[in-house]
Amino acid sequence: MPDDLYQCSLDYHRLPKPGKLEIRATKPLANQRDLALAYSPGVAAACREIVKDPGTARDYTLRGNLVAVITNGTAVLGLGPIGALAAKPVMEGKAVLFKQFADIDVFDIEIDERDPERFVETVARLEPSFGAINLEDIKAPDCFIIEQALKERLGIPVLHDDQHGTAIVVGAAVLNGLRVVGKDIAKVRLVTAGAGAAALACLNLLVELGMARDQITVTDIAGVVYEGRSEEMDGYKARFARATDQRTLAEALDGADIFLGLSAGGVLAPEWLERMAPRPLVLALANPVPEIMPDLAKAARPDAIIATGRTDFPNQVNNVLCFPFIFRGALDCGATEINGAMKIACVRAIAELAQAETSDIVRSAYGGQNLRFGPDYLIPKPFDPRLMEYLAPAVARAAMESGVATRPIPDLSAYRQSLQNRIFRTGLTMKPVFDLARERVRRVVFAEGDKHRVLEAAQQAVMQGIARPILIGRPRVIDERISELGLKLRPGIDVDVLDPSDNPRFDEHCATFFGSVKRRGYTPAEARQMVRGEATVLAATLLRTGEADAMICGIVGRYLRHLRHVEEIIGKAPGVKRLTSMNAVVMHTGTLFIADTYVQEDPSAEDLAEIARLCAQQVRRFGIEPKVALLSHSNFGSHDTPSAAKMREALYLLRGLEPELEVEGEMHANLAFEEALRLARFPDSRLTGRANLLIMPNQDAANIAFNLLQVLGEGTVIGPILLGPAKPVHIVTPSAGVRALLNMTALAAVQVRDGG
Ligand SMILES: NC(=O)C1=CN([C@@H]2O[C@H](COP(=O)(O)OP(=O)(O)OC[C@H]3O[C@@H](n4cnc5c(N)ncnc54)[C@H](OP(=O)(O)O)[C@@H]3O)[C@@H](O)[C@H]2O)C=CC1
Ligand SMILES: CC(=O)C(=O)O
Ligand SMILES: [Mg+2]
């Protein structure tokens, strides 16, 4: 490991507080009553219910979403038997991955016990605490005995991840690798380095997938595992012993199609690779140092397809691709075990996902690399957000079909949707908007139609049936990028393309543009130049002529420049005095809307009343009833500064405009969320519960607040949402990803029905 990575890792683990985890309460404990509910006497009610029906433990406790990651530290990564305590960073790491990738909570448990029987006794007694057990980094052959014993004793899933998680991912990589090189699994020869937990489990699964047992040669520290060998043998290895004269890994590699390394760093010499068959698969999966480094392998065998267990090379074959999602599926259907059918379903789902198009989130996590199925992209990346929706339902379905699900999932497609929502937290807030958008497909013009992210968003919009995109851009570039990204967009069929330099309606568009801006100092010649050269001008003109229903721009250039074109060409909706913008921040605690984040710098009381009215209307489009707080440094008249007076005035005006709206102010931000505090300070407050729409005194406050929430509240942002134009337009920020663009497209499409 390079020195800087070593030191960075130590800092990562130590700062700002030691370790990678903490326990967080999910229920309030703010007063005497909360205390009475959380603990004695109230907690007894939950206990009594569980006594009556043990199944309700999943309703009243965390058990249904809690996995134990348990080790005795006897085979930690490739570091060997470093013991339970030193294994703790790895187990904490797994807990983090479970949480981040699949929203599963984990207690890591390090047990200082090397005797398999006593280890089993200890783990078995933990069953009441957990929904499932992930055994980790336990050496072979003890791990086989331990897993089997626990599976027999416990009624919850028990999975030794180094065996089965690894085998599942290796299975998918081998299936896809063979597909790339055009070889048949029934005919290939495989050689391992390693005869431990991971290697033997992989072999068992590969045989189940069709590999011929007599085409497999196993090697370990003592060399080839052959019939009659007595050194370093056990019954599990013996099942793969071959009648052969070969004694070394080098000899065994003669003519082999696949090398599967699950042993230790550096055990494979580059020159041995020359012995392998054409287009070999080299899976060097020891961690943290592979059996051979990819550059050495590639130099020795340029025709090889290479995979390692590491993040920093292509083809990361690592059990992280599997364990979060196989447990997600198993927990969600109440599986009593993780059986063979569930494992095979997981193999197939991983293999299939690698062949699907990659998403922008995956690409941005990997420095914008273009990931397409092939020699350097055999299996999905761990950050692929689709792993959850591909794998967990496949596992749950297999559990149900094989009869081990105690809580079958009645509607798998609704389940898949709920998983998507867990991943894309914006999905939950956006769901009603997407549903509405699908009711009638609108034409949405994208000013920057040849940009990669826009093309991907357009693809998603078509696939999800939320819009028919019109892409402004160079057709040749669009075609090239569609093919480069592996998209399925068909210009002229499911998407229209308008080339600004070869625009058949150029004269008409110039006339429309000039008509809308002629009193703003443009000459006809300038107008022609702008229609040809400024994509936002052309897009807005299409909106004005009615050739498009809604518009998205802003990926390139400054917000205010786009805004100026929108104001000049599209104008404002009837009755609207000024445009405004709002951002939504989706957090674990709920969604908050904040305005005006981008457009009005220092709105007057009248402006604020209009901002609140427009924003409230938009919040309702999300299916959320707005509860508005006018925020200030002043609390219900405590200050008489001009800005406090402005907020009071805005409240007065707003009550006149929208008597039914739940709104209160001016107030401190904490009172917007704490009803009890608010009522104590101001008993007549007309706002109930927690505010969800915050109207700020000026753009500084709004913009700062939403950025703070985004970072500190770990929020996902939707917006900026432009409100008040005569037709739906959204100006995104240049950093907007595909998901953000798609969200804004759906919003714009939905706004068509009732104006901007
Ligand atoms: N990429 C991934 O997702 C995963 C990678 N791994 C990696 O695989 C390796 C093995 O893990 P695991 O199966 O859990 O551990 P085990 O201790 O169960 O097995 C290790 C195996 O490797 C063999 N071995 C060790 N050193 C050498 C050597 N110098 N030459 C040849 N064989 C050797 C051992 O031989 P013997 O039997 O003779 O002792 C044993 O068969 C580790 O490096 C681990 O990090 C594991 C799980 C997942
Ligand atoms: C990845 C993993 O589980 C291991 O190397 O042990
Ligand atoms: Mg492991």
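Everything quoted here is computed from the prediction, not taken from an experiment.

Colleague: Got a sec to walk through the packing of helix 26 (residues 605-621) against helix 27 (residues 642-657)? Specific residues and values, please.
Modeller: Contact geometry for helix 26 and helix 27: axes closest at 8 Å, N-to-C directions at 50°. Taken together, the axes of helix 26 and helix 27 lie oblique to each other. Here helix 26 runs over helix 27; the crossing is right-handed. Where helix 26 approaches helix 27, its residues Ala605, Glu606, Leu608, Ala609, Ala612 and Arg613 are matched on the opposing element by Lys646, Met647, Glu649, Ala650, Leu653, Leu654 and Leu657. Here the contact of helix 26 with helix 27 is built from residues that sort into nine nonpolar, no polar and four charged.

Colleague: Account for the UniProt feature "domain: Malic enzyme N-terminal" (unreviewed entry) in the chain, naming residues and giving values.
Modeller: According to UniProt, the positions carrying the feature "domain: Malic enzyme N-terminal" (unreviewed entry) are residues 18-151. With 44% helix and 12% strand, the stretch residues 18-151 has end C-alpha atoms that lie 34 Å from each other.

Colleague: Tell me about the packing of aromatic side chains, residues and numbers included.
Modeller: Here the structure, examined in full by the defined rule, presents ten aromatic pairs. On the numbers, 4.2 Å between centres and 10° between planes, the contact of phenylalanine 636 with phenylalanine 682 is stacked. With phenylalanine 636 in the loop between strand 18 (627-631) and helix 27 and phenylalanine 682 in the loop between helix 29 (675-681) and strand 20 (693-695), the pair connects residues that are 46 residues apart, well separated along the chain. What makes phenylalanine 636 buried here is its relative accessible area of 14%. Over the ring of phenylalanine 506 we find arginine 532; its NZ or CZ atom is 4.2 Å from the centre of that ring.

Colleague: Now, about the pairing of strand 21 (residues 716-723): what can you tell me, with residues and values included?
Modeller: Here strand 21 lies mainly inside the structure; seven of its eight residues are buried. With six bridges joining them, strand 16 (residues 580-587) and strand 21 adopt antiparallel strand pairing. Its bridge partner being in strand 21, valine 585 is matched across the sheet by valine 717.

Colleague: Provide a residue-level description of the site of ligand 1, including the pertinent values.
Modeller: Around ligand 1, the surrounding shell holds 27 residues, and the nearest of these are Ala195, Ala197, Ala198, Lys237 and Asn319. A distance of 2.9 Å separates an oxygen atom of ligand 1 from a polar backbone atom of alanine 197. One of the backbone nitrogen or oxygen atoms of leucine 285 is found 3.3 Å away from a nitrogen atom of ligand 1. Its free accessible area being 910 Å², ligand 1 has 84% of it covered by the protein chains. Elements supplying a minimum of two residues to the shell around ligand 1: helix 8 (161-181) and helix 9 (197-208). In terms of residue class, the shell around ligand 1 is made up of 13 nonpolar, nine polar and five charged.

Colleague: Could you give an account of the sheet that holds strand 22 (residues 729-731), with specific residues and numbers?
Modeller: Within a sheet, neighbouring strands are paired by backbone hydrogen bonds and run either parallel or antiparallel to one another. Spatially, 14-13-12-15-22 is the arrangement adopted by the five strands of the open sheet, whose pairing is parallel. Of all the strands in the sheet, the pair left with one neighbour each is strand 14 (496-498) and strand 22. Taking the axes of each pair of neighbouring strands and ignoring which way they run, one obtains an average angle of 20° across the sheet. The sheet contacts of helix 24 (residues 535-545) involve strand 12 (442-446), strand 13 (467-472), strand 14, strand 15 (550-553) and strand 22, and relative to strand 15 the element is tilted by about 170°. Running over the sheet, helix 31 (residues 738-751) touches strand 12, strand 13, strand 15 and strand 22 and is turned about 155° from strand 15.

Colleague: Describe in detail the nonpolar core, supporting the description with residues and values.
Modeller: Leu260 and Phe327 are the most contacted members of the largest nonpolar core, which has 110 residues in total. The element that contributes the greatest number of residues to this core is helix 8, accounting for ten residues. Apart from residues no more than four positions distant in its own chain, leucine 260 is found in contact with Val170, Leu190, Val191, Thr192, Ala193, Cys202, Leu203, Leu206, Leu283 and Leu285. Judged by nonpolar contacts, the second largest core, of 65 residues, contains Leu485, Leu654, Leu741 and Ala748.

Colleague: Describe the pattern of salt bridges, listing the residues and the values that go with them.
Modeller: Pairs can form between side chains of opposite charge once their charged atoms are near each other. What the rule picks out here adds up to 44 salt bridges. Notably, a salt bridge pairs aspartate 108 with lysine 88, separated by 2.8 Å at the nearest N-O pair. Taken together, the positions of aspartate 108 in strand 2 (residues 105-110) and lysine 88 in helix 5 (residues 84-102) put the pair 20 residues apart, joining distant regions of the chain. On the basis of relative accessibility, which here comes to 15%, the residue aspartate 108 falls in the buried class. Since its relative accessible area comes to 30%, lysine 88 is described here as partly exposed. Measuring nitrogen to oxygen at the nearest pair gives 2.8 Å for the salt bridge that ties arginine 125 to glutamate 121. What makes arginine 125 exposed here is its relative accessible area of 62%. Salt bridges here are not isolated pairs; linked through shared partners, they connect Lys17, Glu22 and Arg24.

Colleague: So what's going on with the state of the cysteines? Residues and values would help.
Modeller: Within this structure, the stated rule accounts for zero disulfides. Between cysteine 346, a cysteine without a disulfide, and cysteine 322, which holds the nearest cysteine sulfur, the sulfur-to-sulfur distance is 4.0 Å. A relative accessible area of 0% places cysteine 346 in the buried class.

Quick notes on the rules
- Residues numbered from 1 in each chain as written.
- Chains lettered and ligands numbered in written order.
- Predicted model: local features only at pLDDT ≥ 70, side-chain atom pairs only at ≥ 80, totals over all residues.
- Heavy atoms only, no water.
- Axes fitted to C-alpha atoms, helices over the stretch in contact; angles between N-to-C directions.
- Helix = DSSP H or I, 4+ residues; strand = E, 2+ residues; numbered from the N terminus.
- Parallel < 35°, antiparallel > 145°, perpendicular 65-115°, else oblique.
- Left-handed = near helix turned anticlockwise from the far one by under 90°.
- Contact = heavy atoms within 4.5 Å.
- Nonpolar A, V, L, I, M, F, W, Y, C, P; charged D, E, K, R; others polar.
- UniProt positions renumbered as here; feature names shortened; annotations may be inferred.
- Phe/Tyr/Trp six-rings, centres within 6.5 Å; stacked < 30°, edge-to-face > 60°.
- Buried < 20%, exposed > 50% of the residue type's maximum accessible area, 1.4 Å probe, protein only.
- Lys NZ or Arg CZ within 6 Å of the ring centre and 35° of its normal.
- Pairing = 2+ DSSP bridges.
- Near = heavy atom within 4 Å.
- Polar contact = N/O pair within 3.5 Å; in protein donor to acceptor, adjacent residues only side chain to side chain.
- Areas by Shrake-Rupley, 256 points an atom, 1.4 Å probe, with all protein chains shown as cover.
- Core = buried A, V, L, I, M, F, W, Y, C linked by side-chain atoms within 4.5 Å.
- Salt bridge = Lys/Arg side-chain N within 4 Å of Asp/Glu carboxyl O.
- Disulfide = S-S within 2.5 Å.

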